[in-house]
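# An overview of the molecular structure
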Amino acid sequence: MCPSPPVTDAVSMRVRSGILEQWGACQAVLESDTTDHYRTFQMAERLLHCPSKLANQLLFQIPPQRQAMLIERYYAFDPAFVRELLGKKLSKGTKKDLDDVSTKTGVTLKSCRRQFDNFKRVFKVVEEMKGPLVENIKQHFLLSDRLARDYGAIVFFANIRFETGKKKLQYLNFEDFAFCAGQLIQNWTVGAVDSMVEDMDVDLDKEFLQDLKELKILITDKDMLDQHKSLVCTALRGKIQVFAEMEANFKNLSRALVNIAAKLMHTKDVRDFFIDLVEKFIEPCRSDRWVLCDVKAFLTQYMNSARALDAFKQQAIWERYMTVIRSCILKMYHE
């Protein structure tokens, strides 16, 4: 009986690794050994759907370190593949499109399906759990810190349904979005202020999003807008290369950042969060040839100078908002 195509491919890889010479074995023995591994994996795969069961079963004698490696590799994913799915609903309709995603990314269809099923499984398990999202994933699926954080980002994006597919966002990779997801989870979710709330790290804090409209005073009060500009310009004069451009465009940039905040009470505007950052802040800065250190200096002073505005009483909301905005823009501003 001929081995199946996956077994044949695996045997070829093992032959190229020099294993036959290392052990003095023949091709037939290698094929038999590889086939046994495939059979064992097929029987053990169901346990990987709930990794804690793997540790508590007696059928397979797998050392703890090998178990951890097996779980980590089974739940590993291709960044190019997840980038295509990020923000989409993990539904049957999305799964039907995996042929196209496979062709586009070069990831095999079988691997695409495994990764999609893993995303959906993790999402279903943790979406209703109390407690920190990433910690829940880590504890339930026994993943490493890094992989649990990445799955937390995937779950978060799938729940909020952020727009990530527009042409202007294609330059951003999964790592960029995962970083931003971490910032949003840590600062803008209900869990950021209350550690034992339902869906605490999956949903944004609606009360906070409503409060953001109070920040509009920074652009509607002319005296406050002028004072804010003066404070920022005084702090940055001689310290950034694009000072003239920043001074001329300050009010437009400030309006852009504050208006993004004021609109986040609406679901559609939450979903457009990343496209708004690119279109309304990042692109204008790029067109004026700001370098990253200029953007960093501006956002830092723009955020901190508001503390000196005596009539501005929304400091806590401002700090919570701008901490995320600053971090996300700096991660998204590719030079």
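Above: the structure in question.
Everything in this summary refers to the structure shown in the same document. (Residues numbered from 1 in each chain as written. Predicted model: local features only at pLDDT ≥ 70, side-chain atom pairs only at ≥ 80, totals over all residues. Heavy atoms only, no water.)

So, about the overall build of the protein. The secondary structure content of the protein amounts to 20 helices and zero strands. Rg of the C-alpha trace for the protein: 25 Å, well past the compact-globule value of 20 Å for 335 residues, more than 25% over. Taken along its principal axes, the extent of the C-alpha atoms in the protein is 85 × 40 × 35 Å. The 335 residues of the protein split such that 46% are buried. (Helix = DSSP H or I, 4+ residues; strand = E, 2+ residues; numbered from the N terminus. Rg over C-alpha atoms; globule rule 2.2 N^0.38 Å. Buried < 20%, exposed > 50% of the residue type's maximum accessible area, 1.4 Å probe, protein only.)

Moving on: empty space enclosed by the protein. Taken as a whole, this structure holds one cavity of 30 Å³ or more when the rule is applied. Here the largest cavity is characterised by a volume of approximately 40 Å³. What lines the largest cavity is Val 82, Leu 85, Leu 86, Gly 87, Lys 88, Leu 90, Phe 119, Ile 154 and Ala 158. Residue assignment for the lining of the largest cavity shows that the elements contributing at least two residues are helix H6 (79–85) and helix H11 (145–160). Class assignment for the residues of the lining of the largest cavity results in seven nonpolar, one polar and one charged. (1 Å grid on protein atoms, 1.4 Å probe; cavity = no way out; pocket = protein on both sides within 12 Å on 5 of 7 lines; lining within 4 Å. Points joined across faces, edges and corners; volume = space filled by probe spheres on them. Nonpolar A, V, L, I, M, F, W, Y, C, P; charged D, E, K, R; others polar.)

Mapped onto the secondary structure, Lys 120 falls in helix H9 (residues 109–126). Residue classification places Lys 120 among the partly exposed positions, given a relative accessible area of 25%. Taking the C-alpha atoms as reference points, Lys 120 and Gln 315, separated by 195 residues in sequence, lie 39 Å from one another.

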